[in-house]
Amino acid sequence: DIQLTQSPSSMSASLGDRVSLTCQSSQGIGNYLSWYQHKPGKPPKPMIYYATNLADGVPSRFSGSRSGSDYSLTISSLESEDTTIYYCLQYDEYPRTFGGGTKLELK
Amino acid sequence: EVQLVESGGGLVQPGRSMKLSCAASGFTFSNYAMAWVRQAPTKGLEWVATISFDGSSTYYRDSVKGRFTISRHNAKSTLYLQMNSLRSEDTATYYCTRGVVTTPFDYWGQGVMVTVSS
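Below, the structure is looked at part by part. Since the structure is predicted, the reported quantities are computational estimates derived from the model, not experimental observations.

## Let's talk about the packing of aromatic side chains
- Counted under the stated rule, the structure contains 13 aromatic pairs over all chains.
- When the ring of Tyr36 of chain A is compared with that of Trp108 of chain B, the centres are 6.0 Å apart and the planes differ by 70 degrees; the resulting orientation is edge-to-face. Of this pair, Tyr36 of chain A sits in strand 4 (residues 33–38) while Trp108 of chain B sits in strand 10 (residues 104–108), placing the two residues on different chains. Considered together, Tyr36 of chain A and Trp108 of chain B belong to a single accessibility category, that of buried residues.
- With a centroid separation of 6.4 Å and 40 degrees between ring planes, the pair formed by Phe62 of chain A and Tyr86 of chain A is classed as tilted. With a gap of 24 residues between them, Phe62 of chain A in strand 7 (residues 62–67) and Tyr86 of chain A in strand 9 (residues 85–90) connect regions that are remote in the sequence. Accessibility assignment for this pair places Phe62 of chain A and Tyr86 of chain A in one class, buried.
- Taken together, the aromatic side chains of Tyr36 and Phe98 of chain A together with Tyr95, Phe105 and Trp108 of chain B make up a single cluster linked through ring pairs.
- Above the plane of the ring of Phe27 of chain B lies Arg98 of chain B, whose end atom (NZ or CZ) is 4.9 Å from the centre.

Okay, here's the thing in structure tokens:
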């Protein structure tokens, strides 16, 4: 199975900071990686598809990038509503696998 | 508006069965693959199973193979998850989600809680 390792597992940042979350794949998955924002008590919300494509309705301060087997979700200027947990997902092959999540908090 | 509404969760004893349903609306259900994703308490997201648009292909995570069955009734726009031989580790919130190839898991239900305990 493909393993996705998210780092850091948790982090804190200040409002307005540029924040980057990382997801590393154990095998090549091309660009078949997506990111989801998950707030407590709500369903996950898609943020990025195909490594770099913004999902519908997602603010432009979010972006996705890839360097080899490393994938990043970047928030250009952190807002309070962005503080929650983020997961990456590979959909290159079955079984689909999620990363362990990164919890983003306000400093 | 796309809507996915799960039902059928609750408390069940270990070894027993439970069937979840997901009623879909706002899109042509028969055109889309569908999936179940779960989250155990204090844990991360975990993909459970996917079914193709016409039900001809199904995929499962190893830990549920042989115990869970994903199915669909396209005329009723409803997705199902039959869960047999339930274990405590199956305790989780189960989400129904649309499994588009290019934009996977683009819509999600609110989730239904399944608690496996004696």
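## Some remarks on the pattern of salt bridges
Residues and elements named next belong to chain B.
- In this structure the tally under the stated criterion is ten salt bridges over all chains.
- One salt bridge in this structure joins Asp106 and Arg98, with 2.7 Å as the shortest N-O distance.
- The exposure class assigned to Asp106 is buried, which follows from its relative accessible area of 13%.
- Arg98 sits in the buried class, given a relative accessible area of 8%.
- Bridged by salt links that share partners, the residues Arg38, Glu46, Arg61, Arg67 and Asp90 form one connected network.

## A short note on the sheet that holds strand 3 (residues 19–25) of chain A
Residue and element names in this part refer to chain A.
- Within the open sheet, the four strands sit side by side as 1-3-8-7. Their pairing is antiparallel. Unpaired on one side and paired on the other, strand 1 (4–7) and strand 7 mark the two borders of the sheet. Adjacent strand axes in the sheet meet at a mean angle of 20 degrees when their direction is disregarded.

Reading the values: the criteria
Residues numbered from 1 in each chain as written. Chains lettered and ligands numbered in written order. Predicted model: local features only at pLDDT ≥ 70, side-chain atom pairs only at ≥ 80, totals over all residues. Heavy atoms only, no water. Phe/Tyr/Trp six-rings, centres within 6.5 Å; stacked < 30°, edge-to-face > 60°. Helix = DSSP H or I, 4+ residues; strand = E, 2+ residues; numbered from the N terminus. Buried < 20%, exposed > 50% of the residue type's maximum accessible area, 1.4 Å probe, protein only. Lys NZ or Arg CZ within 6 Å of the ring centre and 35° of its normal. Salt bridge = Lys/Arg side-chain N within 4 Å of Asp/Glu carboxyl O. Pairing = 2+ DSSP bridges. Axes fitted to C-alpha atoms, helices over the stretch in contact; angles between N-to-C directions.

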